[in-house]
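# Structural overview
What follows is the residue order along each chain.
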Amino acid sequence: MTLLEINQLNKTFVKGRDVTHVLNNIDLHVKNGEFITIIGPSGCGKSTLLKAMAGLDIEYSGEIKLDGERVTGASIRQGVIFQEPRLFPWLTVERNIAASLPLTNSEVKQNVDKLIKLVRLEGFEKAYPKELSGGMAQRVSIARALLRKPKILLLDEPFGALDAFTRSHMQDALLDIWKEEKTSMVFVTHDIDEAIYLGNKVIIMSARPGTIQNIINIDLPFPRKKSTKSFQEFRQLVLREFEKVEELELIDSAGI
Amino acid sequence: MSNQSAISLDKVNSSKKRVLKSKRDLGKVTIMLKGFIFPIVILVIWELTGAWGLISPTLLPRPSAILTTFIDLVLTGNLIEHFKISLWRALGGFILGGTLGLLVGVAVGFKKNIEQTVDPTIQMLRTVPTLAVIPLFILWFGFGEVSKILLIAKGAFFPLYVNTFLGIRSVDSKLFDVAKVLEFNRWQLITRLILPSALPNILLGLRLSIGVAWLALVAAELMGSSEGIGYLIMDARQFSQTSIVFVGIIIFAVFGKVSDSIVKVFEKRLLKWQDNFKG
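Since we're looking at a predicted model, the values are computed, not measured.

### Some points on the overall build of chain A
- Looking only at helices and strands, chain A features 8 helices and 10 strands.
- Taking 18 Å as the expected radius of gyration for a compact globule of 256 residues, we find that chain A reaches 18 Å, a close match to that expectation.
- Dimensions along the principal axes, computed over C-alpha positions, put chain A at roughly 55 × 45 × 35 Å.
- Counting the 256 residues in chain A, one finds 53% classified as buried.

### A few points about the layout of surface pockets
All names here are of chain B.
- Taken as a whole, the largest pocket spans an internal volume of roughly 470 Å³.
- For the largest pocket, the lining is made up of 14 residues, of which Leu43, Trp46, Ile66, Ile250 and Val254 are closest to its centre.
- Elements with a minimum of two residues in the lining of the largest pocket: helix 1 (2-51), helix 2 (63-76) and helix 10 (242-270).
- When its residues are assigned to classes, the lining of the largest pocket shows 14 nonpolar, no polar and no charged.
- Two domains share the lining of the largest pocket, each providing at least three of its residues, namely domain 1 (15-55) and domain 2 (63-270).

### Considering the pattern of salt bridges
- In the structure shown here, the tally under the stated rule is 24 salt bridges over all chains.
- Close ionic contact of Lys109 of chain A with Asp113 of chain A constitutes a salt bridge, the shortest N to O distance being 3.5 Å. Of this pair, Lys109 of chain A and Asp113 of chain A both sit in helix 3 (residues 106-118), 4 residues apart, roughly one helical turn.
- Residue classification places Asp113 of chain A among the partly exposed positions, given a relative accessible area of 31%.
- Lys84 of chain B is paired through a salt bridge with Glu81 of chain B; the nearest N and O atoms lie 3.8 Å apart. Note that Lys84 of chain B and Glu81 of chain B are positioned in helix 3 (residues 78-110) at a spacing of 3 residues, about one turn of the helix.
- According to the relative accessible area criterion, Glu81 of chain B is partly exposed, its value standing at 45%.
- Connected via shared salt-bridge partners are Glu84 and Arg86 of chain A together with Lys174, Asp177 and Lys180 of chain B.

### Some thoughts on a nonpolar patch on the surface
- A surface patch of nonpolar side chains, about 1000 Å² in accessible area, is lined by Val29, Leu33, Phe36, Ile40, Val44, Leu48, Trp52, Leu54, Ile55 and Leu59 of chain B.
- By the secondary structure assignment, Phe36 of chain B is in helix 1.

### Topic: the side chain of Lys11 of chain A
Residue and element names in this part refer to chain A.
- Within the fold, Lys11 resides in strand 1 (residues 2-15).
- Given the relative accessible area of 6%, Lys11 is considered buried.
- A distance of 2.9 Å separates a polar side-chain atom of Lys11 from the backbone oxygen of Glu59.
- For Lys11, the contacting residues outside a window of four places in its chain are Thr20, His21, Val22, Leu23, Thr48, Asp57, Glu59 and Tyr60.

### Focus on the packing of helix 8 (residues 186-222) of chain B against helix 10 of chain B
Residues and elements named next belong to chain B.
- One can describe the packing of helix 8 onto helix 10 by two numbers: an axis separation of 10 Å at closest approach and a directional angle of 170°. The orientation of helix 8 with respect to helix 10, classified from their angle, is roughly antiparallel. Note on packing geometry: the crossing formed by helix 8 with helix 10 is right-handed. Counting all contacts with helix 8, which are made through Leu199, Leu203, Leu204, Leu206, Arg207, Ile210, Trp214, Leu217, Val218 and Glu221, the residues of helix 10 involved are Phe252, Phe255, Gly256, Ser259, Asp260, Val263, Lys264, Glu267 and Leu270.
- A class-by-class count of the residues in the contact of helix 8 with helix 10 yields 12 nonpolar, 2 polar and 5 charged.

### Observations regarding empty space enclosed by the protein
- Per the counting criterion, the structure on display carries 2 cavities of 30 Å³ or more.
- Counted as a void, the largest cavity has a volume near 110 Å³.
- Around the largest cavity, the lining is made up of 16 residues, and of these Val80, Arg144 and Ala145 of chain A together with Val181 and Leu182 of chain B lie nearest the centre.
- No other element matches strand 6 (residues 78-81) of chain A, which puts 4 residues into the lining of the largest cavity.
- Looking at the lining of the largest cavity, its residues break down into 9 nonpolar, 4 polar and 3 charged.
- When its volume is computed, the second largest cavity comes out at roughly 30 Å³.

### Looking at the nonpolar core
- Counting 55 residues, the largest nonpolar core has Ile6, Ile38, Leu49, Met53, Phe88 and Val186 of chain A together with Leu193 of chain B as the members making the most contacts within it.
- Per-element accounting of this core gives the leading share, 6 residues, to helix 8 of chain B.
- Each residue touching Leu193 of chain B, except ones within four places of it in the same chain, is listed here: Phe88 and Trp90 of chain A together with Val171, Leu175, Phe176, Ala179 and Gln188 of chain B.
- Listed in part, the 50 residues of the second largest apolar core include Ile39, Ile81, Ala143 and Phe187 of chain A.

### Considerations on the UniProt feature "domain: ABC transmembrane type-1" (unreviewed entry) in chain B
- As annotated in UniProt, the feature "domain: ABC transmembrane type-1" (unreviewed entry) corresponds to residues 83-263 of chain B in the numbering used here.
- For residues 83-263 of chain B, the end-to-end C-alpha separation is 21 Å, with 87% helix and 0% strand making up the annotated structure.

### What about the UniProt feature "transmembrane region" (unreviewed entry) in chain B?
Residues and elements named next belong to chain B.
- Per the UniProt record, "transmembrane region" (unreviewed entry) is found at residues 31-55, 87-110, 122-143, 149-168, 189-219 and 239-259.
- Taken end to end, residues 149-168 comprises 100% helix and 0% strand; its first and last C-alpha atoms sit 28 Å apart.
- The distance from the first to the last C-alpha atom of residues 239-259 is 31 Å, and the span holds 86% helix and 0% strand.

The rules we used
Residues numbered from 1 in each chain as written. Chains lettered and ligands numbered in written order. Predicted model: local features only at pLDDT ≥ 70, side-chain atom pairs only at ≥ 80, totals over all residues. Heavy atoms only, no water. Helix = DSSP H or I, 4+ residues; strand = E, 2+ residues; numbered from the N terminus. Rg over C-alpha atoms; globule rule 2.2 N^0.38 Å. Buried < 20%, exposed > 50% of the residue type's maximum accessible area, 1.4 Å probe, protein only. 1 Å grid on protein atoms, 1.4 Å probe; cavity = no way out; pocket = protein on both sides within 12 Å on 5 of 7 lines; lining within 4 Å. Points joined across faces, edges and corners; volume = space filled by probe spheres on them. Nonpolar A, V, L, I, M, F, W, Y, C, P; charged D, E, K, R; others polar. Domains from an automatic or database assignment. Salt bridge = Lys/Arg side-chain N within 4 Å of Asp/Glu carboxyl O. Patch = residues over 30% accessible without salt bridge, like charges linked within 9 Å, V, L, I, M, F, W, Y side chains within 5 Å. Areas by Shrake-Rupley, 256 points an atom, 1.4 Å probe, with all protein chains shown as cover. Polar contact = N/O pair within 3.5 Å; in protein donor to acceptor, adjacent residues only side chain to side chain. Contact = heavy atoms within 4.5 Å. Axes fitted to C-alpha atoms, helices over the stretch in contact; angles between N-to-C directions. Parallel < 35°, antiparallel > 145°, perpendicular 65-115°, else oblique. Left-handed = near helix turned anticlockwise from the far one by under 90°. Core = buried A, V, L, I, M, F, W, Y, C linked by side-chain atoms within 4.5 Å. UniProt positions renumbered as here; feature names shortened; annotations may be inferred.

Now the structure itself:
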């Protein structure tokens, strides 16, 4: 069943007399419970696309429907995880997760406690964001989004600022959450391994204007191992797609 | 054998820790004492030069004389009465001006429209020296309490206004996106995002306002009154009772510092989430 539907989405930035075509005829369908990763070179509009899905940017032509309803603005139905955790520095971990909801309500409190357990932050309920590491802070922001029971979780390079160890740990944590909560995910990244490791589908985008170049179904069972032959085959496949796009800068910067 | 050495090592470590702790405490006391050295030296020299008759007591009474005057004034009940009046004026003026400063600052911070209509005028009024409006206030409100409290309120208004405005305008716009995604309503946006984030600036404004309130109090009481610490100083000057002048000055200094410390305590408790360079 289709949960999120993007039809003929076009977006242009106008700056003075320059008109830049950022997104070009994007069509995308996300099924219930699906994990989609979007990968592309920087400047291909993948973050812009995610912002449009989140309803944080509604100046585009075409339509985005969530559960059959048009997305007209940001709401708790689309949870968003930004590249930085964006926690409220004056609130403790549990208060950050609750944010606008009252912790005095026993149901809210129960759900918050459950999520703290899910993201493995027991013992840090009363800690302030300044006392957390980058990975921990990002887990708080994931819990904050999950508390609202979003229909879909949109993640914009959420682990981009983390070191390699923490990143791979966070990927597994996210997969655990996905298995547990069955929330649909759209995950933007510029890391090919990450895209293949997490996604049911990898969407490859090309730049100027941002277009969906190809969609690759990754039918590997979870948990995946990056060292296996099948994983490497998918990696080759995605890399070949990139060569078609002739965006070698990205491959260089990914250290291949 | 290895077990034993482990235990002894443990012991050494713990005793080391204890030594370190007492060393640290000692360090703190030394730092505190360091701050006292200079004033004590000054006081001793001051007292001695007075005792040897090197300086006239009408110009610079000895510290011991000031202390006796202070005790005398407290015992007659005079000082406490004057102090109460002064405190009441400062507090009244500060609450009036501070509250207005906070409210107008919030309003101007929130609405570009209000900022464009109101802020230029306020900035113009801000640069008018308090002393320059004293004659006007006396003409309008006489020598009574109203003109004094309004004068103090005028002083206390601006620091809170400017800093509240600044605090609101420096809220991280990235957190506004979060507020949108989490569906904060307007009230939650104000109380859960904007005010907490503006709080460091608001508290700074509060401290500056209190300081200005004390300054304005002295100006208000010197312009003519029959009660209050400022009056006490003026009155003593006419009769060359220099030690009473000193008592008044010291009271201003001490209570200026005390009120500032109270806000600092609040600051420490309310802003413990801040992650800043602590020197």
